[in-house]
Number of protein chains: 2
Amino acid sequence: MKLMDIETPAALIDEARMAANIDRMQKHLSALGVRLRPHVKTSKCIEVARRQQEAGAKGITVSTLKEAEQFFAAGFADILYAVCMAPEKLDRALALIRRGCALTILVDSVAAAQAVVAKGKEAAHAFEVMIEIDSDGHRSGVQPEAAELIEIGKVLHEGGQNLKGVLTHAGSSYDLDTDEALQKLAEQERALCVRAAERLRAAGMACPEVSVGSTPTALAARNLAGVTEVRAGVYVFFDLVMSNVGVCTPQQVALSVLATVIGHQPEKGWVIVDAGWMAMSRDRGTQRQKIDYGYGAVCDASGRVIDGLYVSGANQEHGIISRRDGAADPGVVQRFPIGTKLRLLPNHACATGAQYPFYLAVSPDGDAVPWQRFQGW
Amino acid sequence: MKLMDIETPAALIDEARMAANIDRMQKHLSALGVRLRPHVKTSKCIEVARRQQEAGAKGITVSTLKEAEQFFAAGFADILYAVCMAPEKLDRALALIRRGCALTILVDSVAAAQAVVAKGKEAAHAFEVMIEIDSDGHRSGVQPEAAELIEIGKVLHEGGQNLKGVLTHAGSSYDLDTDEALQKLAEQERALCVRAAERLRAAGMACPEVSVGSTPTALAARNLAGVTEVRAGVYVFFDLVMSNVGVCTPQQVALSVLATVIGHQPEKGWVIVDAGWMAMSRDRGTQRQKIDYGYGAVCDASGRVIDGLYVSGANQEHGIISRRDGAADPGVVQRFPIGTKLRLLPNHACATGAQYPFYLAVSPDGDAVPWQRFQGW
């Protein structure tokens, strides 16, 4: 299929840009001597994860058991489920493990560790378990210096489970926008996670893995001593939030939404397109950043950014493209006639991708091929 | 399936609440002597639309051709596609019409009307076409007093197409929060759309239909003289945005997300649940309203609102429930132990529903049955 034959709205992957993004992260982490375990929650797409694997990634990270099941069915066997385990999901995890999946699960409390031990004893199974460490206060995890850390480790260890390691995610990196601040947070993420591992080891427990990562800290890190693997997800596509954070440019964003002009309000300078929030997602991640892109940046059909325009508003199936200066623009009807194709860059690739049952992967010669993605839990 | 056996996160429909919402809108509009053509973009679910039809709705409104195709395949034949037509979608619309669907399409420009005429002539077909009127400046539509309105009508009429009527959507009603302001906007919506129809009729064109509607203006309207049908969508579920607008209470919201507690940060008063923005959507529609609910209101498993808590933050698969007062809360671990089920009410039902491949419809006796919904375009 050629670009001009695609029904809109559609989620396009620029294959050349994606390949460059994959290559960049892989080379950076290989040079630092750590494994890359990409987070496939961004794409939820087998074709994308295969390209990450071919470039050198070891194993994958998932955010749901459905992702684990889908990727395992496609041949990915080394899977880390990086959300703290709800006890009632243990049966489903165990079923996947029994089918041959090397699934690692996560806890950050004594109660959850006890539930894992109870299920492990009941099923005569030793789960591979990591403990989540809170390295920046933004979400889950136990403090690296907390007494509870050792307690959790002991519950698992003495309960016959395999304490595989510690894991952290410096998600607050999304709020930064200088390389200096990112490097500092990357070092904090590394140091606190390594410290947690050392405390567990000092208490007599093997804790072989130290897993850190977020796309910004992964790219900013200059030293990963003590770390064994890095998890990063959104780097595969990048997006406008990452551009504002400073780890990519809009021209490196590999995911875009192809839209068609369906109307105008020239006295407001508006172009109406058939890509509203259902096509872009409701993500407004750039709202409090350096540049607020509304619901997206506007590019021509070839993917070149058109300066001075942005998606200022969105209804379910209507996107409103405005001038940054808010001026009237009688010429807008002639400049972007009804039927014109535009590409819109997303604030947040994970959220925008989730709106689509499939991507269209566009090769450098302009051919577009559907790549399935999946939805739900 | 019983509530406690449901894997989380899951989108629950409270059938009793939904039935009451359907009944309320239908009775209100029947009393005003107009037809209800519900907008099924909210649910994208055949089971839901059937209940609206059984209650007395005439025809449906859709926001995509995929919705039209899916609902037509399920036996809904009278369909209004209420987004201005992109010329390249005319073939797909025509294919649906050739299969027997009574599909009405929409334009708001001479250029789009000309494209419809060209396709109609090429295919020897007279499309049923409505003209979108801008009654509140929030999006698409031609001004009711504009010369272009008559021009569009003439292009269609003289081009052999059926000018079925005029349509408007007072979407700015979502920004209001008093009955007085809503009644005023409902009257503006009615008066301007009727005026547009009268101008077309005075110019010698039949214009039988006058279609208005948004959930808030539909419920606020006291007089719909000259209007033939009302479109409303979100009333079927309602949501927190509608509660802030003042047309429902949180206890009338029929859509909720069932979540499981997976962790705590007691020194911050946080409860972490397995429903993040993928489960709630990124919609922050209450952000600038009277009550900002973050990513959702918190209820116990039976659906009773728990005061003083809200979903203050969301990552992809993590929801952070905080106290409104932001206080530390060591008791939170005992009050909501790991594994606790909570129901979260959404800001925007259309956006939250879209995150799920199916709903679970919960009957008054607590049985849950899956109802499919569809995704994509």
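Rules of the game
- Residues numbered from 1 in each chain as written.
- Chains lettered and ligands numbered in written order.
- Predicted model: local features only at pLDDT ≥ 70, side-chain atom pairs only at ≥ 80, totals over all residues.
- Heavy atoms only, no water.
- Helix = DSSP H or I, 4+ residues; strand = E, 2+ residues; numbered from the N terminus.
- Rg over C-alpha atoms; globule rule 2.2 N^0.38 Å.
- Buried < 20%, exposed > 50% of the residue type's maximum accessible area, 1.4 Å probe, protein only.
- Contact = heavy atoms within 4.5 Å.
- Areas by Shrake-Rupley, 256 points an atom, 1.4 Å probe, with all protein chains shown as cover.
- Lys, Arg positive; Asp, Glu negative; His and termini not counted.
- Charge placed at Lys NZ, Arg CZ, Asp CG, Glu CD.
- Buried area = accessible area lost by both parts, 1.4 Å probe.
- Salt bridge = Lys/Arg side-chain N within 4 Å of Asp/Glu carboxyl O.
- Phe/Tyr/Trp six-rings, centres within 6.5 Å; stacked < 30°, edge-to-face > 60°.
- Lys NZ or Arg CZ within 6 Å of the ring centre and 35° of its normal.
- Axes fitted to C-alpha atoms, helices over the stretch in contact; angles between N-to-C directions.
- Parallel < 35°, antiparallel > 145°, perpendicular 65-115°, else oblique.
- Left-handed = near helix turned anticlockwise from the far one by under 90°.
- Nonpolar A, V, L, I, M, F, W, Y, C, P; charged D, E, K, R; others polar.
- Core = buried A, V, L, I, M, F, W, Y, C linked by side-chain atoms within 4.5 Å.
- Pairing = 2+ DSSP bridges.

Trainee: Go over the overall build of chain A with me, naming the residues and quoting the values.
Mentor: The number of helices and strands found in chain A is 12 helices and 17 strands. Computed over C-alpha atoms, the radius of gyration of chain A comes to 22 Å, within 12% of the 21 Å expected from 2.2 N^0.38 for 377 residues, which places it in the range of a compact globule. Once the C-alpha set of chain A is aligned to its principal axes, its extents read approximately 75 × 40 × 35 Å. Taken over 377 residues, chain A has a buried fraction of 65%. Restricting to contacts in chain A with at least 6 residues of sequence separation, those with at least 24 account for 69%. Accessible area of chain A: about 12600 Å², with a carbon and sulfur share of 52%. If you average the places of the 40 positive and of the 43 negative side-chain charges in chain A, the two averages end up 1 Å apart.

Trainee: Residue-level account of the interface of chain B and chain A, with values.
Mentor: With 58 residues of chain B at the interface, the matching set in chain A holds 58 residues. A buried area of about 4800 Å², summed over both sides, lies between chain B and chain A, and 51% of it is on carbon and sulfur atoms. Of all residues in chain B, the largest losses of buried area upon contact with chain A belong to Arg139, Gln375 and Trp377 of chain B, amounting jointly to 16% of the total for that side. Here chain B is connected to chain A by eight salt bridges.

Trainee: If you had to explain the packing of aromatic side chains to someone new, which residues and values would you point to?
Mentor: Counted by the stated rule, this structure contains eight aromatic pairs over all chains. Between Phe71 of chain A and Phe374 of chain A, the aromatic rings sit 5.8 Å apart at their centres with planes inclined by 70°, giving edge-to-face as the arrangement. One end of the pair, Phe71 of chain A, is in helix 3 (residues 65–73); the other, Phe374 of chain A, is in the segment after strand 17 (368–372), and 303 residues separate them in sequence. For the pair Phe71 of chain A and Phe374 of chain A, one class covers both residues: buried. Members of the aromatic cluster, each reached through a chain of ring pairs, are Phe71, Phe76 and Phe374 of chain A. Above the face of the Trp270 of chain B ring, Lys268 of chain B is positioned so that its terminal group lies 4.4 Å from the ring centre.

Trainee: Can you tell me about the packing of helix 4 (residues 90–98) of chain A against helix 5 (residues 110–123) of chain A, naming the residues and giving the values?
Mentor: Relative orientation and spacing of two packed helices are given, respectively, by the angle between their axes and the distance between those axes. Residue and element names in this part refer to chain A. It is at 11 Å that the axes of helix 4 and helix 5 come closest, and there the two elements cross at 50°. Taken together, the axis directions place helix 4 and helix 5 in an arrangement best described as oblique. In this structure, helix 4 meets helix 5 at a crossing whose hand is right-handed. Only Ala115, Val116, Lys119 and Ala123 of helix 5 make contact with helix 4, whose side of the interface consists of Leu90, Asp91, Leu94 and Arg98. Each residue belonging to the contact of helix 4 with helix 5 can be placed in one class, and the counts come to five nonpolar, no polar and three charged.

Trainee: Please give an account of the nonpolar core that cites residues and values.
Mentor: Counting residues in hydrophobic clusters, the biggest one holds 264 residues, and the most contacted among them are Leu103 and Ile131 of chain A together with Leu103 and Ile131 of chain B. Other than its neighbours up to four places away in sequence, Leu103 of chain A contacts Leu65, Ala68, Ile79, Tyr81, Ala93, Leu96, Ile97 and Glu128 of chain A.

Trainee: An account of the pairing of strand 17 (residues 368–372) of chain B is needed here, citing residue identities and associated values.
Mentor: All names here are of chain B. Inspection of the sheet shows strand 16 (residues 358–362) paired to strand 17 by five bridges, in the antiparallel sense. Residue pairing across strands places Leu360 opposite Pro370, the latter belonging to strand 17. Joining the antiparallel neighbours strand 16 and strand 17 is a turn of five residues, in which Gly366 adopts a positive phi near 90°.

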